[in-house]
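In case you want the letters, here they are:
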Amino acid sequence: MKWLKAMSTSVNMEMLSKTSHGTSCPWKGRAAYYTIKTDKTEFKNSAWYYPAPFEKATNIKDYVAFWQYNDGNRAFLQALMARGTMTFKQGQEVLSTIFTIQEERETAPDQVTQEDFDSYISAAADKISPFDYEIRTTVHQFTKEKISAIVNATSDPITQMATTRTQEEMFFVRRMIDAMFETYNTRRREVMGVTSMQALERKITKGVSGARQSEGGEQGADKGVTNDQAEKCLNGLVAEGWFERSKEGWYTLSPRALMELQTWLVTEYNDEDADAEDWQRIKFCEACKGIMTVGRRCGDLDCNVRVHDICQEAFFNSRGEKKCPRCQTKWDGKLFVGQRAITSTDEYLKGKRRSGGARKSQVEVEVDEEEVADEDEDE
Ligand SMILES: [Zn+2]
Ligand SMILES: [Zn+2]
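A short tour of the structure in this document, coming up. Computed from a predicted structure; not experimentally measured.

**Examining the sheet that holds strand β10 (residues 243-245)**
Read from one edge to the other, the open sheet built from 3 strands follows the order β9-β11-β10, with strand pairing classed as antiparallel. Strands at the two margins of the open sheet, each flanked by one partner only, are β9 (194-195) and β10. In the packing of helix α5 (residues 167-183) onto the sheet, the strands contacted are β9, β10 and β11 (250-253), and the crossing angle to β11 comes to about 95°. On top of the sheet, helix α9 (residues 227-239) reaches β10 and β11; it is set at about 105° to β10, its chief contact.

So this is what it looks like as structure tokens:
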């Protein structure tokens, strides 16, 4: 931070425009903020002054403070780049370390405020925008946590994933996503996740199922991946924030991936010529209209109304009745989208009891394969 005298030659007031932002300091008084505009970029709320400082701080009257992009910002941006995404809680950890080093006094994570975090996020966003990156914010579908993610504004996510992966690995990733949204996302069971065991089955690692093999299909350059390569690749996808792995062992797309892949997923898996009431693979929450892979569904399996867990309460409170807004079926919230479409079933619970939890993956696989067969007969 740097203090410069306002209305003097050191400050070009034309570059500053007052904003509505304001903060209070117990000894300096109320601060007003400026946004600094240059031809190339603007820095929101990055200069401030105290129009009427308290008595103890009259020495800062007529001075404007400039917030400068410094080592702390650089360290923060690095941490954000390395993770791909950051929640406020993670940001508090990172910033408390930065503040501790910068101010040479211990700062605990809970002393880092939302305002501190937001200002570092916005400085990071300014810094990366010339390189076609943006920071977008999304809310996790079930933890409700706000997540800031670095996204590439120009290149598509598949290209980004591909830069650090071999062609075989990318085919594997593609088959994982196909499995999430095709194989394990059927009218009756919208799991939209793949268990770690399913991920290592030949049809996903090698891209060959019994059916496809008998057609004598040429696999081309795609030789598939070994189980080791598959596991390494999955760990990488989780570490980079593309996939999430639940403690029950399901891989799903992370909030960041959903945010970035949304358009692609709709183009790839939904039928654009379908009627409004047709079942679609990619679903949206009736309440917030956001993409949805985890939540509740209407009790009528033919109805397409889906609602996020976190949207459910407010949605039905505002409507005054717990009925599906489309088909009027009573909304009991007992039918799930996501892994609970499996874990809430009797088969799964029985299997878990029988095996003491150890063999549950086997049970899921059996359930799903039955399901796939049913669907095929329908068509
Ligand atoms: Zn919602
Ligand atoms: Zn309904």
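**Examining helix α11 (residues 309-319)**
Every buried residue belonging to α11 is among Cys-311, Gln-312, Phe-315 and Phe-316, and all of these are buried. One face of α11 carries all of its buried residues, which in axial projection span an arc of 115°. Looking at α11, the residues exposed on the side facing more than 90 degrees away from the buried face are Glu-313, Ala-314, Asn-317 and Ser-318. Elements that come into contact with the buried residues of α11 comprise β14 (295-297) and β15 (306-307). Gly-320 lies just past α11 and shows a positive phi near 80°.

**Digging into the coordination of the zinc ion (ligand 2)**
Every protein donor of the zinc ion (ligand 2) is accounted for by Cys-298 (SG), Cys-303 (SG), Cys-324 (SG) and Cys-327 (SG), and the metal-donor separations fall at 2.1 to 2.4 Å. Of note is the zinc ion (ligand 2), whose 4 donor atoms meet at the metal with angles of 96 to 116° in an arrangement that counts as tetrahedral. Read in sequence order, the donor residues for the zinc ion (ligand 2) give the motif C-x4-C-x20-C-x2-C. With Cys-303 in the loop between β14 and β15 and Cys-327 in the loop between α11 and β16 (336-337), this residue pair connects regions lying 24 residues apart in the sequence. Overall, Cys-303 belongs to the buried group, its relative accessible area being 6%. Judged by relative accessible area, which is 30%, Cys-327 ranks as partly exposed.

**A word on the pattern of salt bridges**
Side chains bearing opposite charge may pair, as long as their charged atoms lie close to each other. For the structure on display, the rule yields 15 salt bridges. Arg-174 is paired through a salt bridge with Asp-178; the nearest N and O atoms lie 3.2 Å apart. Linking Arg-174 with Asp-178, this pair stays in helix α5, spanning 4 residues, or about one helical turn. Looking at Arg-174, the relative accessible area reads 29%, which means it is partly exposed. Notably, a salt bridge pairs Glu-190 with Arg-306, separated by 2.8 Å at the nearest N-O pair. Here Glu-190, found in the loop between α5 and β9, pairs with Arg-306, found in strand β15; they are 116 residues apart in sequence, far enough to count as distant. Each member of the pair, Glu-190 as well as Arg-306, carries the same accessibility label: buried.

**Topic: unusual backbone geometry**
Only a minority of non-glycine residues have a phi that is not negative, and only a minority of peptide bonds are not trans. Despite not being glycine, Lys-289 has its phi angle at roughly 65°, a positive value. Looking at the secondary structure, you find Lys-289 in the loop between β12 (283-284) and β13 (291-292). Relative accessible area serves as the criterion here: at 57%, Lys-289 is assigned to the exposed category. At Gln-328, a position not held by glycine, the phi torsion is positive, near 65°. Judged by relative accessible area, which is 42%, Gln-328 ranks as partly exposed.

**Topic: the environment of Arg-281**
Considering the arrangement of structural elements, one finds Arg-281 in the loop between α10 (255-269) and β12. Classification of Arg-281 as partly exposed rests on a relative accessible area of 25%. Once residues within four sequence positions are removed from consideration, Arg-281 is found in contact with Phe-181, Glu-182, Asn-185, Met-192, Tyr-269 and Asn-270. A distance of 3.3 Å separates the side chain of Arg-281 from the backbone oxygen of Phe-181, its partner in a polar contact.

**Description of the coordination of the zinc ion (ligand 1)**
Distances from the zinc ion (ligand 1) to its protein donors, Cys-285 (SG), Cys-288 (SG), His-308 (ND1) and Cys-311 (SG), fall within 2.1 to 2.3 Å. For the zinc ion (ligand 1), the 4 donor atoms in the first shell make angles of 98 to 118° at the metal, so the coordination geometry reads as tetrahedral. Along the chain, the residues that donate to the zinc ion (ligand 1) are spaced as C-x2-C-x19-H-x2-C. The class for His-308 is buried, based on a relative accessible area of 5%. Overall, Cys-311 belongs to the buried group, its relative accessible area being 14%.

**Brief notes about the environment of Arg-189**
Secondary-structure assignment places Arg-189 in the loop between α5 and β9. Exposure remark for Arg-189: the relative accessible area of 10% places this residue in the buried category. Sequence separation between Arg-189 and Ala-341 is 152 residues; the distance between their C-alpha atoms is 5.9 Å.

**Digging into the sheet that holds β16**
Strand order in this open sheet of 3 strands is β15-β14-β16, and the pairing throughout is antiparallel. The open sheet has two edge strands with one neighbour each: β15 and β16.

**What about helix α1 (residues 71-83)?**
With 13 residues, α1 extends 18 Å from end C-alpha to end C-alpha; this agrees with the ideal 18 Å at 1.5 Å per step. Inspection of α1 places Gly-72, Asn-73, Phe-76, Leu-77, Ala-79 and Leu-80 among the buried residues, and these make up the whole buried set. Take α1 and look down its axis: the buried residues cluster within an arc of 160°, on one side only. The exposed set on the far side of α1, more than 90 degrees from its buried face, consists of Asp-71, Gln-78 and Ala-82. Elements in contact with the buried residues of α1: β6 (85-87), α2 (88-103), α3 (114-128), β7 (133-139) and β8 (146-152).

Reading the values: rules and limits
Position numbers for residues start from 1 in each chain and track the written sequence from start to end. A letter from A marks each chain and a number from 1 marks each ligand, given out in the order of writing. Under the rules for a predicted model, residues below a pLDDT of 70 receive no local features and side-chain atom pairs below 80 are neither given nor counted, while totals for whole chains, interfaces and linings still include all residues. Hydrogens are left out, water is left out, and the side-chain values use all remaining heavy atoms of the structure. For two strands to be treated as a pair, DSSP must find no fewer than two bridges joining them. Only runs of H or I of at least four residues qualify as helices and only runs of E of at least two qualify as strands under DSSP, and these elements are numbered from the N terminus. For this analysis, residues touch if any pair of their heavy atoms sits within 4.5 Å. Here, axes are lines fitted to C-alpha atoms. For helices the fit covers the stretch in contact, and angles between N-to-C directions go from 0 to 180 degrees. Accessible area is worked out with a 1.4 Å probe on protein chains only. A residue is then buried under 20% of its type maximum, exposed over 50%, and partly exposed in between. Read the arc as the range of directions from the helix axis to the C-beta atoms. We call an atom a donor if it is N, O or S and sits within 2.8 Å of the metal, or 3.2 Å for Na, K and Ca. Water is not counted, so some sites may look partial. Here a site with four donors is tetrahedral if all angles are between 85 and 135 degrees, and a site with four or six donors is square planar or octahedral if opposite donors are over 155 degrees apart and the other angles are between 65 and 115; anything else gets the irregular label. Salt bridge criterion: a side-chain nitrogen from Lys or Arg within 4 Å of a carboxyl oxygen from Asp or Glu. For this analysis, a polar contact is any N or O atom pair within 3.5 Å, provided that within protein one partner can donate a hydrogen and the other can accept it, and provided that sequence-adjacent residues contribute only side-chain to side-chain pairs. The length a helix should cover is 1.5 Å for every residue beyond the first.

Nothing here speaks to function; it is geometry throughout.
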